[in-house]
Amino acid sequence: MCGITGVAALNGSPHPTLEQLKTMCDSIFHRGPDQDGMHVQDGVALGMRRLSIIDLSGGRQPIFNQDRTILTVFNGEIYNFRELRSELEAKGYTFATKTDTEVIVYAYEEYGLDFPKYLNGMFAIALHDTVKKKLYLVRDHLGIKPLYYSFDQNYLVWGSEIKAILASGLVKKTLDLDALGEYLAWEYVPGKATLFKEIRQLEPGQMLEIDLENPQCQPQTYWDIPATGEIELSDQEWADKVEAQLRKSVTMQLVSDVPLGAFLSGGVDSSLTVALMGKAQTYSIGFDDPSYNELKWSEKVASHLGVEHINEVIKPNVVELFEHLMYFLDDPIGDFSIFPTFLVSQLARKYVTVSLSGDGGDELFGGYETYLANEKAEQYYKIPAIFRKNLVEPLINSLRPRPEKKGLVNKGKRFIEGLENPVDLSHARWRIFAGDAVRSQLFTPEANQELVTSSASHIIDLFNKAGDRQPQNRSMYVDVKSYLSDDILVKVDRMSMAVSLESRVPYLDPDLVELAFQIPDRLKLANGETKVLLKSIAARYVPPECVYRPKEGFSIPIKNWLCNEFRPLMEELLSDQAIREQGIFQVNTIKRLKEEHLAGTANHSHILWSLIVFQSWYKRWFKGE
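Remember, predicted model here, so these are calculated numbers, not experimental data.

Undergrad: So what exactly am I meant to see when it comes to the overall build of the protein here?
TA: Helix and strand counts for the protein stand at 26 helices and 19 strands. For 625 residues, the compact-globule estimate of 2.2 N^0.38 gives 25 Å, and the C-alpha radius of gyration of the protein, at 24 Å, lies within 12% of that figure. The buried share of the protein, taken over its 625 residues, is 62%. Restricting the contact set of the protein to residue pairs at least 6 apart, pairs at least 24 apart contribute 72%. Carbon and sulfur atoms form 50% of the exposed surface of the protein, whose accessible area is close to 23600 Å². Taking the average location of the 68 positive side-chain charges in the protein and that of its 85 negative ones, the two points are 3 Å from each other.

Right, here's the structure in full:
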C-alpha cells in the first residue's frame, strides 16, 4: 500500500527532474511513511511513497524486470500474487524479490495489455516499457484505489491524489463549474470528472496507454461487471455458494507481513467478514448521541464471535478535526461519514497497519433503503393524486424534522422529497440533494450557464449501460459504478490513508462481484426486507437480533452540529459577503437555506454541508489559504 505519482514529458518538452518528483512524492507522504522510491529515465519520472505490507525488506519500488527495460510503481495489493508468480515461474521468469509488485512487470511481459485481467486485488499502476516507449496507467476493477491524471500536449502528470499532480507545478487550476453542479447534486463528482477542468480520474476497470512518441489520451475499459444473467438455484445452494466465495475472498485478503484487524460496526457486512476471518482484533467507535451510537451491537457481535474487540466513545473537537480532514479531500465529497471513518481508522492504526471492512455489501446484495423506497413509491402512486397532492404531501411537509438520525417523521419527509426528482432516476431519486430545479436557484444566472450536464445524466447513462438485468441488479449496477466508486471508496481510501492505514474490502473481490450479479432479485429484496440472502448467511454466525435489526448507517449528527459546533464555521464560509465576493452562488438562496435549517423548519444539512466542504476546498486550492 502506498501512493504513486509521476510525470511523462511529451513532444520534446523539458524532462521532469528528481527534485520535482520528490516534491510530488512528499505531498502524499501520509500514504506511505515508510519509504520513498523515485526513478527518472527517458523523460518519464516514476515516484511512490511506500507503506510496507508485503516483503518489508525487499519490496522497494520501482520494481524492474530482469533486463531493467520494464519498470513499475503501484499502490495497493495483488492478493493472488503467489499463484500468479508460480505460473510465471513455470513459464521461465525469474523473480528477485518476494513482493507482489514484481508479478506486475512479468505479467505485462507475458500477457501484454491483458495483464490487468490476471490481477486479483486493489491497485493503481504506472508501468513504463522503455523499449516500446509506452507508458500505462491502470486502475483496479472496482476503483478501490484512486488514480488521477492530467494530459496535454506537453505532459502527462498523474498521482494517487490530486495534490501530487498540483505539486508538479505543470498543471494550471481552473474550476469546473459543471462538475461543481454535479457535486452539489450528489455530494460527489461522478465518473471521470473532478472539480479541476485540467484533471481527470481514471475510472474503475480502465487502462490508459500512452505512446510516448505519438501521445494520445484515450482510456480503454478492460473489465466491467458481466451481464451474464441471473442463475436459478435453491436458496440453500445460493447461500452456500456465496458464503464459500466470500470466505475465499476474506482468506485471500488476510495475507500480510504486518498486524491486521477489522472494522466492526455490528452490521451484517462487517459482522460476516469478521466471522469468516476466525481469530481477529476488531475496532468500532460511537458518539454520545444515542441515535448515532451502535456500540452495543458491535460489542454483542464481538462477544458472540469471541474476537478481541476495542471500541471508543468519541467526543472529538469536530471543528479542529474538520480543518485537518479537508487537506485529504482535494477531490471533495460531501459525505458526513468522513468523520467516523477517520476516527475508527485512527483507532485501528494504534494497533495494526491493515484493516478489513464490510464496504460493498450493500451495493452487491441490496442493503440500501433507497431500493425499498423505490418499491414503496410504486405503491404510493396507487393512492389517488388528489389525496396525495392535497392531503398527504402538505401534511408531511408541514412537520418539523426530528433531531434523531431517522425516525418516522424524517423518513417520511425524505420520501416525499425524493418523489420530486425524475422517475427515471429510479432508486437514485433518494440520493440526490440538489437536482436541476434546486441548482437553478442555488447558482447565479452566470454560473448556471456553465451547468451543461443534467444532474440526472450520469445515473440514466449507467441504467442504460446496465442492460437487461433484473430491476434490482440494474439499480445495484448503478450504485457500484457511481455511489460506491465515487463516494464510499473515496471516503475510505482518503480517511484510512490519512493515518497510514491500509483498508481492504473483501466484498469487492471481482469473482464475488460477478457472482453477486447472478443472484436473482428475490434473494436481495423481498417483502420489505433488504439483503435477504446475505442476512441468511450472516445468521449462521451472528445472533439473529443483530442480523435482523433496522439499518442505521455509519454517520454523525451533522444536522445538529450545524446548529451548534459547526455554526461559526458555516456562518464564516457561507456568509453573505463571502458568497457575494465569490460570485458563484446566489446570496439569498444560501441565506434562506441557513435560516430554515437553524430555525428547525427544514433539514438542509446535506446541501449546507456540501457547500461548506466546497468553500473550504476552494479557499485551500484556489486562494491558497
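Undergrad: Hey, could you run me through the environment of proline 340 in this one?
TA: Relative to the helices and strands, proline 340 resides in helix 10 (residues 338–349). Each C-alpha atom, one on proline 340 and one on methionine 495, is 9.2 Å from the other, the two residues being 155 residues apart in sequence.

Undergrad: Help me understand the nonpolar core in this model?
TA: One broad trend across soluble globular proteins is that nonpolar side chains are buried collectively. Counting 172 residues, the largest nonpolar core has Phe115, Leu180, Phe566, Phe585, Trp609 and Phe614 as its most contacted members. The element best represented in this core is helix 18 (residues 471–497), accounting for eleven residues. Beyond its immediate chain neighbours, meaning those up to four positions away, leucine 180 contacts Leu195, Phe443, Ile584, Phe585 and Phe614. Within the second largest apolar cluster, 22 residues are counted, among which are Cys2, Ala124, Trp158 and Leu208.

Undergrad: Would you take a moment to explain the UniProt feature "binding site: L-glutamine" (unreviewed entry) in the protein for this structure?
TA: The UniProt record marks Asp100 with the feature "binding site: L-glutamine" (unreviewed entry), using the residue numbering of this structure. Along the chain, the position of aspartate 100 falls in the loop between helix 2 (81–90) and helix 3 (102–111). Among the polar contacts made by the side chain of aspartate 100, one reaches the main-chain amide nitrogen of isoleucine 78 at a distance of 3.0 Å.

Undergrad: Looking at this model, I keep getting lost on the pattern of salt bridges. Mind explaining?
TA: Side-chain pairs of opposite charge can arise whenever the charged atoms involved come near each other. This structure, assessed with the given rule, holds 37 salt bridges. Here arginine 504 ties to glutamate 77 by a salt bridge, and the two come within 3.9 Å at their closest N and O atoms. In this pair, arginine 504 is assigned in strand 17 (residues 502–504) and glutamate 77 in strand 5 (residues 70–78), connecting sequence segments 427 residues apart. Two residues, lysine 163 and glutamate 161, come together in a salt bridge whose shortest N-O distance is 2.6 Å. Each of the two residues, lysine 163 as well as glutamate 161, counts as buried. When salt bridges that share partners are traced, they join Arg31, Lys145, Glu161, Lys163, Asp330, Asp331, Asp493 and Arg494 into one network.

Undergrad: Looking at this structure, I do not really get the pairing of strand 5. What am I missing?
TA: Side-chain positions along a regular strand alternate between the two faces of the sheet. Taken across its nine residues, strand 5 has nine buried, putting it largely inside the fold. Bridging between strand 4 (residues 63–64) and strand 5 involves two bridges; their strand directions are antiparallel. Bridge pairing in strand 5 links phenylalanine 64 to leucine 71. In textbook terms, the turn of a hairpin is the stretch between consecutive antiparallel strands, and for strand 4 and strand 5 this stretch comprises five residues, one of which, arginine 68, has a positive phi near 60°. With nine bridges connecting them, strand 5 and strand 6 (residues 121–129) associate as antiparallel partners. Opposite valine 73, over in strand 6, you have alanine 126 as the bridge partner.

Undergrad: Help me understand the UniProt feature "active site" (unreviewed entry) in the protein, please; the structure alone is not making it clear to me.
TA: Under the UniProt annotation, the feature "active site" (unreviewed entry) is placed at Cys2. Ignoring any residue separated from it by four or fewer positions in sequence, one finds cysteine 2 in contact with Arg31, Met48, Arg49, Arg50, Leu51, Gln61, Phe74, Asn75, Gly76 and Met497.

Undergrad: Any chance you could explain the side chain of arginine 504 here in plain terms?
TA: Overall, the relative accessible area of 0% leaves arginine 504 in the buried class. For arginine 504, the side chain forms a polar contact with the main-chain oxygen of valine 255, separated by 2.7 Å.

Undergrad: Before we go on, may I ask you to explain the layout of surface pockets in this structure?
TA: A water-sized probe rolled over the atoms picks out the places where empty space is left. What the second largest pocket holds in volume is close to 480 Å³. In terms of lining residues, the second largest pocket is bounded by 24 residues, among which Pro190, Gly191, Lys192, Glu203 and His458 are the most central. Looking at the lining of the second largest pocket, the element that brings in the most residues is helix 17 (residues 457–465), giving five residues. A per-class count over the lining of the second largest pocket returns six nonpolar, seven polar and eleven charged.

Undergrad: What should I look at first to understand the sheet that holds strand 14 (residues 281–287) in this one?
TA: Within a sheet, neighbouring strands are paired by backbone hydrogen bonds and run either parallel or antiparallel to one another. Here five strands make up an open sheet; going across it, the order is 15-14-13-16-17 and the pairing parallel. Each edge of the open sheet carries a strand with a single partner, namely strand 15 (308–314) and strand 17. If you compare each strand with its neighbour and ignore which way they point, the axes differ by 30° on average. Sitting on the sheet, helix 7 (residues 268–277) is in contact with strand 13 (260–263), strand 14 and strand 16 (354–356), with an inclination near 155° to strand 13.

Parameters and conventions
- Residues numbered from 1 in each chain as written.
- Predicted model: local features only at pLDDT ≥ 70, side-chain atom pairs only at ≥ 80, totals over all residues.
- Heavy atoms only, no water.
- Helix = DSSP H or I, 4+ residues; strand = E, 2+ residues; numbered from the N terminus.
- Rg over C-alpha atoms; globule rule 2.2 N^0.38 Å.
- Buried < 20%, exposed > 50% of the residue type's maximum accessible area, 1.4 Å probe, protein only.
- Contact = heavy atoms within 4.5 Å.
- Areas by Shrake-Rupley, 256 points an atom, 1.4 Å probe, with all protein chains shown as cover.
- Lys, Arg positive; Asp, Glu negative; His and termini not counted.
- Charge placed at Lys NZ, Arg CZ, Asp CG, Glu CD.
- Core = buried A, V, L, I, M, F, W, Y, C linked by side-chain atoms within 4.5 Å.
- UniProt positions renumbered as here; feature names shortened; annotations may be inferred.
- Polar contact = N/O pair within 3.5 Å; in protein donor to acceptor, adjacent residues only side chain to side chain.
- Salt bridge = Lys/Arg side-chain N within 4 Å of Asp/Glu carboxyl O.
- Pairing = 2+ DSSP bridges.
- 1 Å grid on protein atoms, 1.4 Å probe; cavity = no way out; pocket = protein on both sides within 12 Å on 5 of 7 lines; lining within 4 Å.
- Points joined across faces, edges and corners; volume = space filled by probe spheres on them.
- Nonpolar A, V, L, I, M, F, W, Y, C, P; charged D, E, K, R; others polar.
- Axes fitted to C-alpha atoms, helices over the stretch in contact; angles between N-to-C directions.

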